[in-house]
Amino acid sequence: AELSVCTIEKAGGIINKMLHEGTLDSLGLVVVDEAHMICDPGRGYLLEIMLAKLLCRKQEIQVVCMSATVPNMHDLAKWLS
């Protein structure tokens with residue numbers, strides 16, 4: 001098993017590479033720290049795009065989002081369901 005700890009931008013690049021190579025199905029868990037960054041006007045869209053790519057897969061990938069300050073926790077949880 002591999003583990004990567006990276007920024008939103010790097011994680012998006014890894015997801016894109018895995019999509020291109022057809023290896024995304026080997027991914028089982030993604031942990032997003034500072035999930036409130038999804039509301040950030042400068043970088044939030046990158047996190048949203050990355051999560052959307054994961055959620056659109058046939059194989060279920062577990063996504064764990066952590067944040068002490070996410071303002072719309074219930075909306076985010078519903079979207080990730």
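Before reading further, recall that the structure is shown in the block above.
Residues numbered from 1 in each chain as written. Predicted model: local features only at pLDDT ≥ 70, side-chain atom pairs only at ≥ 80, totals over all residues. Heavy atoms only, no water.

Draft legend 1. Highlighting the environment of Leu 29. In this fold, Leu 29 is placed in strand 1 (residues 29–33). Relative accessible area serves as the criterion here: at 45%, Leu 29 is assigned to the partly exposed category. Placed 17 residues apart in sequence, Leu 29 and Gly 12 show a C-alpha to C-alpha distance of 14 Å. (Helix = DSSP H or I, 4+ residues; strand = E, 2+ residues; numbered from the N terminus. Buried < 20%, exposed > 50% of the residue type's maximum accessible area, 1.4 Å probe, protein only.)

Draft legend 2. Summary view of the environment of Cys 39. When you line up the elements, Cys 39 lands in the loop between strand 1 and helix 2 (44–55). Taking relative accessible area as the criterion, Cys 39 reaches 43% and is therefore assigned partly exposed. When the C-alpha positions of Cys 39 and Asn 72 are compared, they lie 9.4 Å apart, and in sequence the two are 33 residues distant. Cys 39 has contacts with Pro 71 and Asn 72, leaving out every residue within four places of it along the chain. (Contact = heavy atoms within 4.5 Å.)

Draft legend 3. Summary view of the nonpolar core. By size, the foremost hydrophobic cluster in this structure holds 20 residues, and its most contacted members are Leu 24, Leu 27, Val 32, Leu 47, Met 50, Leu 51 and Leu 54. Apart from the residues within four sequence positions on either side, Leu 27 is in contact with Ile 15, Met 18, Leu 54, Gln 59 and Ile 61. (Core = buried A, V, L, I, M, F, W, Y, C linked by side-chain atoms within 4.5 Å.)

Draft legend 4. Spotlight on the environment of Leu 55. Note that Leu 55 resides in helix 2. Take Leu 55: its relative accessible area is 31%, and that puts it in the partly exposed class. Separated by 25 residues in the primary sequence, Leu 55 and Leu 80 have C-alpha atoms spaced 7.2 Å apart. Beyond its immediate chain neighbours, meaning those up to four positions away, Leu 55 contacts Trp 79 and Leu 80.

Draft legend 5. Local environment of the pattern of salt bridges. Under the criterion given, the structure shown has three salt bridges. Salt-bridge contacts for Glu 9 lead to Arg 43; the nearest nitrogen and oxygen are separated by 2.8 Å. Separated by 34 residues along the polypeptide, Glu 9 in helix 1 (residues 8–21) and Arg 43 in the loop between strand 1 and helix 2 bring together distant segments of the chain. Classification of Glu 9 as partly exposed rests on a relative accessible area of 39%. Among the salt bridges present, the one from Asp 25 reaches Arg 57, with a minimum N-O distance of 3.3 Å. Of this pair, Asp 25 sits in the loop between helix 1 and strand 1 while Arg 57 sits in the loop between helix 2 and strand 2 (62–66), and the two are 32 residues apart along the sequence. Looking at Asp 25, the relative accessible area reads 40%, which means it is partly exposed. (Salt bridge = Lys/Arg side-chain N within 4 Å of Asp/Glu carboxyl O.)

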